[in-house]
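Architecture and fold: a report
What follows is the residue order along each chain.
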Amino acid sequence: MAMAGRIRSSVPRLTKALMSDSVSTQRLNVERALICPNFTDPQSRNFASASSTKEPKIKVPVAMFGGSGNYASALYIAAAKAKTLEKVEAELLDLVAASQKSPTFSQFMKDLAVPADTRVKAMTQICDQAKFSEITKNFLVVLADNGRLRHVDTIAKRFSDLTMAHRGEVKAIVTTVIPLPAEEEKELKDTLQEILGKGKKVKLEQKIDPSILGGLVVEFGQKVFDMSIKTRAKQMERFLRDPINFDA
């Protein structure tokens with residue numbers, strides 16, 4: 001992705017940022033800036049006129065729990081208000097992809113020894129270089145300031161779960177020993193789509209796991225359909241080990 005390339009190209013600037021003087025510009029306002037990118041200093045803002053404007057009420061489509069869930073929900077509400085859900089989702093996924101390809105960047109996000117001011121400055125520069133939206137930039141600055149950048153991959157996944165639910169998509173994960181042929185993949189997707197009915201769309205994701213020996217495992221919503229040879233073999237083993245009651 002072009003955006004991911006811009007992120008990777010900004011990694012050398014990260015080293016420079018880590019060695020530069022610390023900054024604390026607008027750190028007191030970053031959390032408010034996440035929800036309201038146009039937030040300015042409270043002394044120069046007319047709160048009386050601002051409070052009279054009613055903002056649309058946004059609800060997350062799926063309840064999220066835990067720290068990562070709370071961050072993902074907050075980002076969803078901010079992005080939904082700004083009508084930039086898909087853009088923010090793409091930017092987060094590009095950032096995660098860039099971190100996976102750059103050990104230096106990945107280590108930076110995980111290293112809590114890096115001062116908060118330095119993390120904020122570095123992340124701001126990276127977002128500017130990547131031309132991220134204000135919502136994404138402000139959110140990543142909040143994570144940097146709060147020492148939560150190491151959780152960005154989990155937050156991105158949970159945010160994607162929210163955007164998928166918003167679009168009416170349901171993820172189905174099929175695990176096989178080898179990739180499914182196109183015809184079988186389509187047949188499985190059509191079957192799951194029939195189960196869902198209208199108004200929902202199946203998003204099929206394939207995973208390869210040789211340890212299941214054969215067959216397939218389908219994770220769909222809250223259900224797991226395990227039709228793997230490994231599981232069948234275990235079931236057969238338990239059956240053979242059960243004592244036989246000849247008096248029954």
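Residues numbered from 1 in each chain as written. Predicted model: local features only at pLDDT ≥ 70, side-chain atom pairs only at ≥ 80, totals over all residues. Heavy atoms only, no water.

The next point concerns helix 10 (residues 152–166). Because each turn of an α-helix spans 3.6 residues, side chains separated by three or four positions in sequence point in the same direction. In this model helix 10 runs 21 Å from its N-terminal to its C-terminal C-alpha over 15 residues, within 8% of the 21 Å that 1.5 Å per residue would give. Residues of helix 10 that are buried: V152, I155, A156, F159, S160, L162, T163 and M164. On its buried face, helix 10 sits against helix 5 (66–82), helix 6 (85–101), helix 7 (103–110), helix 9 (134–145), strand 1 (169–176) and strand 2 (201–208). Within two residues after helix 10, G168 carries a phi angle of roughly 80°, on the positive side. (Helix = DSSP H or I, 4+ residues; strand = E, 2+ residues; numbered from the N terminus. Expected span 1.5 Å × (residues − 1). Buried < 20%, exposed > 50% of the residue type's maximum accessible area, 1.4 Å probe, protein only. Contact = heavy atoms within 4.5 Å.)

This next bit is on the packing of aromatic side chains. Throughout the structure, instances matching the rule amount to two aromatic pairs. Relative to F139, the ring of Y71 lies with its centre 6.2 Å away and its plane at 70°, an arrangement referred to as edge-to-face. With Y71 in helix 5 and F139 in helix 9, the pair connects residues that are 68 residues apart, well separated along the chain. The burial state of Y71 is the same as that of F139; both residues are buried. Plain terms: the ring middles of F105 and F108 are 6.3 Å apart, the flat faces sit at 15° to each other, and that makes the pair stacked. Note that F105 and F108 are positioned in helix 7 at a spacing of three residues, about one turn of the helix. Like F108, F105 is buried. (Phe/Tyr/Trp six-rings, centres within 6.5 Å; stacked < 30°, edge-to-face > 60°.)

Attention now goes to the nonpolar core. Counting 37 residues, the largest nonpolar core has F108, M123, L140, L143 and F159 as its most contacted members. Within the residue set of this core, elements represented by two or more residues are helix 5, helix 6, helix 7, helix 8 (116–130), helix 9 and helix 10. Sequence-distant contacts of L143, that is, excluding residues within four places in its chain, are made with Y71, R148, L149, V152 and I155. Of all hydrophobic cores here, the second largest spans 10 residues; its members include V170, V174, V202 and V218. (Core = buried A, V, L, I, M, F, W, Y, C linked by side-chain atoms within 4.5 Å.)

For the rest of this paragraph, the subject is the confidence of the model for the protein. Per-residue confidence for the protein gives a mean pLDDT of 78; residues scoring 70 or more make up 75%. Throughout residues 37–52 the model reports pLDDT below 50, and contacts reaching past four residues in sequence, or to other chains, amount to 13 contacts. (pLDDT = per-residue confidence, 0-100.)

Another point: the packing of helix 5 against helix 6. The geometry of helix 5 relative to helix 6 is characterised by a closest axis approach of 8 Å and an angle of 135° between their N-to-C directions. What the angle tells us is that helix 5 and helix 6 run oblique. For the pair helix 5 and helix 6, the contacting residues are L75, Y76, A79 and A80 in the first and L85, V88 and L92 in the second. Grouping the constituent residues of the contact of helix 5 with helix 6 by class yields seven nonpolar, no polar and no charged. (Axes fitted to C-alpha atoms, helices over the stretch in contact; angles between N-to-C directions. Parallel < 35°, antiparallel > 145°, perpendicular 65-115°, else oblique. Nonpolar A, V, L, I, M, F, W, Y, C, P; charged D, E, K, R; others polar.)

This part takes up the sheet that holds strand 2. If you trace the four strands from one edge of the open sheet to the other, you get 2-1-3-4, paired in mixed fashion. Looking at strand neighbours, the two that pair on one side only are strand 2 and strand 4 (223–228), the edges of this open sheet. Neighbour to neighbour, the strand axes of the sheet diverge by 15° on average, direction disregarded. Bridge count for strand 1 against strand 3 (residues 215–220) is four bridges, and the pairing is antiparallel. From the neighbouring strand, V174 faces strand 3, where its bridge partner is V218. On top of the sheet, helix 11 (residues 182–196) reaches strand 1, strand 2 and strand 3; it is set at about 140° to strand 2, its chief contact. Helix-sheet contacts for helix 12 (residues 229–241) involve strand 3 and strand 4, and the interaxial angle to strand 4 is about 80°. (Pairing = 2+ DSSP bridges.)

A few words on the pattern of salt bridges. For side chains of opposite charge, pairing can occur when their charged atoms come near one another. Under the counting rule described, the total for this entry stands at six salt bridges. Residue K87 pairs with E91 through a salt bridge whose shortest N-O separation is 3.2 Å. Of this pair, K87 and E91 both sit in helix 6, separated by four residues, roughly a single helical turn. Taking the relative accessible area as the measure of exposure, K87 reaches 40% and is therefore partly exposed. With relative accessibility at 0%, the residue E91 sits in the buried group. Measuring nitrogen to oxygen at the nearest pair gives 3.7 Å for the salt bridge that ties K171 to E205. Pair noted here: K171 is in strand 1 and E205 is in strand 2, with a separation of 34 residues, a long-range link. A single network of salt bridges, built from pairs that share partners, joins E89, R167 and E169. (Salt bridge = Lys/Arg side-chain N within 4 Å of Asp/Glu carboxyl O.)

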